Structures are given as C-alpha cells and as structure tokens.
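Structural overview for review
Here is how the chains run, residue by residue.
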Amino acid sequence: DAGITQSPRHKVTETGTPVTLRCHQTENHRYMYWYRQDPGHGLRLIHYSYGVKDTDKGEVSDGYSVSRSKTEDFLLTLESATSSQTSVYFCAISGLAGTDTQYFGPGTRLTVL
Amino acid sequence: GQQVMQIPQYQHVQEGEDFTTYCNSSTTLSNIQWYKQRPGGHPVFLIQLVKSGEVKKQKRLTFQFGEAKKNSSLHITATQTTDVGTYFCNAGNNRKLIWGLGTSLAVNP
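Residues numbered from 1 in each chain as written. Chains lettered and ligands numbered in written order. Predicted model: local features only at pLDDT ≥ 70, side-chain atom pairs only at ≥ 80, totals over all residues. Heavy atoms only, no water.

Looking only at helices and strands, chain A features zero helices and 11 strands. Scanning chain A from its N terminus toward the C terminus, one meets helices and strands in the order β-β-β-β-β-β-β-β-β-β-β. For 113 residues, the compact-globule formula gives about 13 Å, and the C-alpha radius of gyration of chain A, at 13 Å, lands near that figure. With the principal axes as the frame, chain A shows a C-alpha extent of 40 × 30 × 25 Å. Within chain A, buried positions represent 48% of all 113 residues. Long-range pairs, those at least 24 residues apart, make up 55% of the contacts in chain A between residues at least 6 apart in sequence. Looking at chain A as shown, the accessible area adds up to about 5300 Å², and 48% of this sits on carbon and sulfur atoms. For chain A, the distance from the average position of its 11 positive side-chain charges to the average position of its 12 negative side-chain charges is 3 Å. (Helix = DSSP H or I, 4+ residues; strand = E, 2+ residues; numbered from the N terminus. Rg over C-alpha atoms; globule rule 2.2 N^0.38 Å. Buried < 20%, exposed > 50% of the residue type's maximum accessible area, 1.4 Å probe, protein only. Contact = heavy atoms within 4.5 Å. Areas by Shrake-Rupley, 256 points an atom, 1.4 Å probe, with all protein chains shown as cover. Lys, Arg positive; Asp, Glu negative; His and termini not counted. Charge placed at Lys NZ, Arg CZ, Asp CG, Glu CD.)

Moving on, we come to the pattern of salt bridges. Side-chain pairs of opposite charge can arise where the charged atoms are in close proximity. Residue and element names in this part refer to chain A. Under the defined criterion, the tally for this structure stands at six salt bridges over all chains. A salt bridge links D73 to R22, with the shortest nitrogen-to-oxygen separation between them at 3.1 Å. Of this pair, D73 sits in strand 8 (residues 73–78) while R22 is found in strand 3 (residues 19–25), placing the two residues 51 residues apart along the sequence. Look at the salt bridges and you will find they share partners, linking R22, K70 and D73 into a network. (Salt bridge = Lys/Arg side-chain N within 4 Å of Asp/Glu carboxyl O.)

With 17 residues of chain B in contact, the opposing surface of chain A contributes 16 residues. Regarding the contact of chain B and chain A, the summed buried area is about 1300 Å², with carbon and sulfur atoms giving 58% of it. At the junction of chain B and chain A, the tally comes to zero salt bridges. In this assembly, chain B and chain A are joined by four residue pairs in polar contact (both at pLDDT 80 or more). Examining the composition of the side of chain B that touches chain A, we find that four residues originate from one element, strand 4 (residues 31–37) of chain B, more than from any other. (Buried area = accessible area lost by both parts, 1.4 Å probe. Polar contact = N/O pair within 3.5 Å; in protein donor to acceptor, adjacent residues only side chain to side chain.)

Here the focus is the packing of aromatic side chains. Residues and elements named next belong to chain B. Inspection of the entire model under this criterion finds 14 aromatic pairs over all chains. Ring geometry for F88 versus W99: centroids 6.2 Å apart, planes at 85°, classification edge-to-face. Taken together, the residues span a long stretch of sequence, with F88 in strand 9 (residues 85–93) and W99 in strand 10 (residues 96–99) at a distance of 11 residues. (Phe/Tyr/Trp six-rings, centres within 6.5 Å; stacked < 30°, edge-to-face > 60°.)

This part is about the sheet that holds strand 7 (residues 64–70) of chain A. All names here are of chain A. Reading across from one edge, 1-3-8-7 is the order of the four strands in this open sheet, with antiparallel pairing throughout. Strand pairing shows two members of the sheet lacking a second neighbour, strand 1 (4–7) and strand 7, which therefore form its edges. Across the sheet, the axes of successive neighbouring strands diverge by a mean angle of 20°, strand direction being ignored. Across six bridges, strand 3 lies against strand 8 in antiparallel orientation. Paired with V19 across the bridge in strand 8 is L78. (Pairing = 2+ DSSP bridges. Axes fitted to C-alpha atoms, helices over the stretch in contact; angles between N-to-C directions.)

In structure tokens:
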C-alpha cells in the first residue's frame, strides 16, 4: 500500500461543531483527493488538490473546505458539521495527472449526532 | 453531466460460478481503471486499460476495454470467497475521472 495515513480513523461529534480530517502522504504525489462514501452513492469527490495551495471543488463540496500548505498534507474541514455529513471519508493520491491511478488511505468514519 | 453506468449493482453467486461486471459510458473514454474494495476496507487499484480492444488478465480476473472505448468489463472465473467485495470502474475522459457506483459481489461458500 502507498504511504497514506488518515487521522482520526473514527470520530463522533455533535451537530454544529467544526471537524478537521487530515490526510498525510509520504509518496510526494502531486494530486490529493477527498471523497465521501455512502451506501448507494459510491465514491463522491468533495475537493481535490493539484499542488500546494492549488485546490478545486468536486461534485459535493458544499459544507466542506480544504487546505494544502505542504505537499504531504491535505486537510478537510467541516466548518459546522451536520448529520448529513455522517459518512466514511477517504483520501486518495495520484501522481502525474488527474487520470492517473489513485491510491487510497484507510478512511475515516465520521458520525455526526 | 457525463455518467458512467455500472451494472449490475449487486450480484450473489455460488462459489465456483463466474461473475461479470460492466461499465458503460455514452462518450469515448481515454482510459478506464478498475478497483476492488473489500468490506470495511478502502478501494485498491486493480488495473488500467488504455487501448481500444485491450484485454488484460490477472489470474482468474479478465479485464476488457471495448473497441469503441465506451465500455469495459471485469470477468472473474470460478469465484472464490476471497473475491467478495465491491468492484468499481473509474473512467477517464477529458482529463477527468468519473466513478461508477460499483458492483457488490457476494459469494456463497
């Protein structure tokens, strides 16, 4: 497996609280992605980054923000968590281009009560 | 927007039976990737197809890219319980990737 870690791996929080999920890679890959996975919806792209401080929205970006201040770290922030954001969140990385193979982290299971 | 249809959504087989999942696009694709996700795990890259009509094999798994580069299939011969999981296609077009919703495979021992 590629060197990708996600923290925390599990989190339970309350509606209205801010939450930050961290993705860390040791592969020096250019592209980093945040997905959410929910039953019946497959993998949905939230945001992605194509370099330090270069980010763009995916198909389900509302309620989420991201930051990438270093090549190895990509943060996903829920400014004010809602129950609809209860999900499993996966970080992925890829190397050369937006259509390159993606390598996934182990995931973070987030529950918003 | 562009969609990638993956069928079937679910498949339940007896161990030893064959299994096929299909990924279909209305537009020509530049490439297609296949991933497997075990229950409770994360998606893991299996293979990438790029050429029209390309066929690749990995042991009991056969991957095919259509001649028109609009569809792809993953075929598993003689399924085993270790094949359980969800298989996703990820189709490349115009420098973007579009995920299929996946086919969940259950195998009865």
